Amino acid sequence: MALMAENSSGEPRAVRTFWRGFMASPSALTGLILVALVVGAAIFAPIFSPFDPVKYNPIDRLQGPSLKHILGTDLYGRDTFSRVIFGARVSLSVSAIAVTMALIVGGGLGALSGFRLGWFDTLVMRLTDVLLAFPAILLAIALLAFLGGGFWNLTLAIAIVYSAPFARVARAAVLRVREDAFVEASRALGASNPRILWRHILPNAFAPMLIEVTLRLAYAILSEASLSYLGLGTPPPAPAWGQMIADGRRTLELAPWASIGPGLAIMITVLGFNLLGDGLRDVLDPRLRRR
Amino acid sequence: MIPFLARRLLLAMFALLGVVILVFVMVRLVPGDVVTNLVGIDAHPTPEQLANLRRLFGIDLPIHVQFGKWFGALLTGDLGESLRTNRSIVSDLALRLPVTLELTVLALGIALIIAVPLGVLAAIRRGKTADYLASLFALAGLAAPNFWLAILFILLFSLQFRLLPSSGYVLLNENPLENLRHMVLPALSLGLSLAAATTRITRSSLLEVLNLDYVRTARSKGLSERVVVYRHALKNALIPVVTVIGLQVGTLLGGAIIIEEIFGLPGIGRFALEGINLRDYPVVQGAVLVVAGAFVLVNVLVDVLYALIDPRMRYD
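Worth saying up front: this structure is predicted, and the values here are computed from it rather than measured.

A.B. asks: How should I be thinking about the overall build of chain B in this particular structure?
C.D. replies: When helices and strands are counted, chain B shows 12 helices and 0 strands. Each helix (α) and strand (β) of chain B, taken in turn from the N terminus, gives the series α-α-α-α-α-α-α-α-α-α-α-α. Overall, the C-alpha framework of chain B stretches about 85 × 55 × 35 Å when taken along its three principal axes. Relative to its 316 residues, chain B shows a buried fraction of 38%.

What follows is the structure in structure tokens.
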């Protein structure tokens, strides 16, 4: 918040303050490094992965970890490490698109609801109550049960589930600043509602929303993995981490690495986003700083 | 207290009504329609056969009439019958609910047994090795997917050391010990992430309370640190913990779906997944309604409990 308040006086200084805080936070830095590693692996997957992730290779099936296959191979002789790297693409893209959709729809509705109040606010809040009345994964499973699996339905289901928390956070952030003097001042100067919301209120809601986005990405990765474990995600043979763990379970005694590898990848990614979110909270919102 | 309770109950009723409407609408999201999906395109049904089936399932009626009939039946406790087995969904759910409840309660118990002592230890040894280890546990527990932990536990305790069964279920009243042996790994897999979240909140809440004036007063009276922490600070520090646990019950209920599937437990989650695989939509609807209803109920209970523990809440 303090950072955003400085925005009007001079952006470079605010950015410098942010970076100084960010670089001093071990949590934020570690999180950023982990996330960068996973995102880098996903983007440059064809370069980093030593083998074709979908090509069957019966001669090499169920091989243990070795210099050739550092995470071993699966039932079909596919290299687990290459599949883990390519799996990052599915996991990250589903999560990133879903969270962006949830941010735009949920965050947008929440911000409007906090700004307009009245019947619109009541309607949006009761809608979020309904969505939050479902355990998150159950709502996603139910939606996919009826919509059918696949990349876009999976993304849509996760986006619907997470739009309610975004609406709540955005509304709370807008409510905090809507009565502030600078908003009153711009209103007195004759600024229109959209202008007040866009120029003055939303920049002040930026910090809590950024923190929420980072933490929700972690949840979305876990949700995507759970849903693809249940076979409700992207269809095979394209590798998805959850699906890989499910496949690996069939050969757990013979080739445990086929399940361990993708699980570690999920853990590293979620850990990265959690640490980054915690770090951003420490830097951006001193009131919420963890002890 | 009464206005607070009335408002909370009213909101819960609204949420429940919304849940009912949403669950009803979900079936209508099925691409094509339920009947075509159920029969399958390969069966080449004639239009007359399809029309007959639609009439049988009542989906030839206008949507508001369909909702009215379905909602009316729901109010009398009738969730319909399974399309595959023709068994009453309510009686199937009643058989499976105790399994899910047992799993959830055990997971909650495991989480509390681990988290509260660990959170307290981390707070009183702030900045020391114990604190770092507790934080490491919390970070890892929050990041590890529960279904993956379940598989690791099966690998370790069932396949490697052959200590505990990897699947199956024994009724609690038939053989309590065997029942417990079958529930240990599922409950541990489900409870660890809650333990991680609860460790964090216990630690930060206790640290906050330990800085308050009344704790300083207690210390200045010469009370031992042990009495200050356990008698004075912990009670207040556990208030936010109750809220977090209440919120996490949803995560437990949701997580139970996958854990039941992995360990072959005949609970509601597995029932729902069977319904999904067989396209038995009324089963899925029934299971989703019961779990969401239970979640709403738990949230109301937590709020009431919270208002009882902390009088400030009642006037919020």
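Let's pick the thread back up.
A.B. asks: What is the right way to read helix α11 (residues 268–277) of chain B from this model?
C.D. replies: Quick reminder: α-helices carry 3.6 residues per turn. Residues three or four places apart thus point the same way. Among the 10 residues of α11(B), 8 are classified as buried, and the element is accordingly described as predominantly covered. Taken as a whole, α11(B) has its buried residues at B:I268, B:G269, B:R270, B:F271, B:A272, B:L273, B:G275 and B:I276. Buried residues along α11(B) sit in contact with α7 (136–147) of chain A together with α5 (89–124), α10 (225–263) and α12 (281–309) of chain B.

A.B. asks: Explain helix α7 (residues 146–160) of chain B to me, please; I cannot follow it from the model alone.
C.D. replies: Residue and element names in this part refer to chain B. With 15 residues, α7 should reach 21 Å at 1.5 Å per residue; the first-to-last C-alpha distance of 20 Å fits that figure. Maximal helix bending in α7 amounts to about 30°, located at I154. Taken together, the buried positions of α7 are N146, F147, W148, L149, A150, I151, F153 and I154. Directly beyond the C-terminal end of α7, a positive phi value near 50° is found at R162.

A.B. asks: Hey, could you run me through the interface of chain B and chain A in this one?
C.D. replies: It is common to give the size of an interface as the accessible area that goes away when the parts come together. Contact residues are listed per partner, giving 40 residues for chain B and 35 residues for chain A. Of all the elements in the fold, those that place two or more residues in the side of chain B that touches chain A are α1 (2–27), α6 (129–143), α7, α8 (176–210), α10, α11 and α12 of chain B. Top contributing element to the side of chain B that touches chain A by residue count: α1(B), with 8 residues. Here the residues of the side of chain B that touches chain A sort into 33 nonpolar, 6 polar and 1 charged.

A.B. asks: Looking at this structure, I do not really get the environment of B:L139. What am I missing?
C.D. replies: Among the secondary structure elements, B:L139 is positioned in helix α6. In the structure, B:L139 is positioned 82 residues away from B:K221 in sequence and 37 Å away in space, judged by C-alpha atoms. Other than its neighbours up to four places away in sequence, B:L139 contacts A:L271 and A:N274.

A.B. asks: Explain the nonpolar core to me, please; I cannot follow it from the model alone.
C.D. replies: Soluble globular proteins tend to pack their nonpolar side chains together in the buried interior. With 170 residues, the main nonpolar core has A:L138, A:A140 and A:I141 as its most contacted residues. With near-sequence residues (within four places) excluded, A:I141 lies in contact with A:L227, A:L230, A:L232 and B:I257.

A.B. asks: How do you make sense of the packing of helix α5 (residues 80–116) of chain A against helix α10 (residues 193–229) of chain A when you look at a structure like this?
C.D. replies: Helices that pack against each other are described as a pair by the angle of their axes relative to one another and the distance between those axes. Residue and element names in this part refer to chain A. Where α5 contacts α10, the axes come no closer than 8 Å and their chain directions differ by 145°. In the packing of α5 onto α10, the handedness of the crossing is right-handed. Here α5 contributes S91, V94, S95, A96, A98, V99, A102, L103, G107, A111 and F115 to the contact with α10, which in turn contributes L197, I201, L202, A205, M209, V213, R216, L217, A220, I221, E224 and A225. Residues of the contact of α5 with α10, tallied by class, amount to 18 nonpolar, 3 polar and 2 charged.

Rules behind the numbers
- Residues numbered from 1 in each chain as written.
- Chains lettered and ligands numbered in written order.
- Predicted model: local features only at pLDDT ≥ 70, side-chain atom pairs only at ≥ 80, totals over all residues.
- Helix = DSSP H or I, 4+ residues; strand = E, 2+ residues; numbered from the N terminus.
- Buried ≥ 20, exposed ≤ 12 C-beta atoms within 10 Å, placed from the backbone.
- Contact = placed C-beta atoms within 7 Å.
- Expected span 1.5 Å × (residues − 1).
- Bend = angle between axes of the 7 residues up to and from the residue.
- Nonpolar A, V, L, I, M, F, W, Y, C, P; charged D, E, K, R; others polar.
- Core = buried A, V, L, I, M, F, W, Y, C linked by C-beta atoms within 7 Å.
- Axes fitted to C-alpha atoms, helices over the stretch in contact; angles between N-to-C directions.
- Left-handed = near helix turned anticlockwise from the far one by under 90°.

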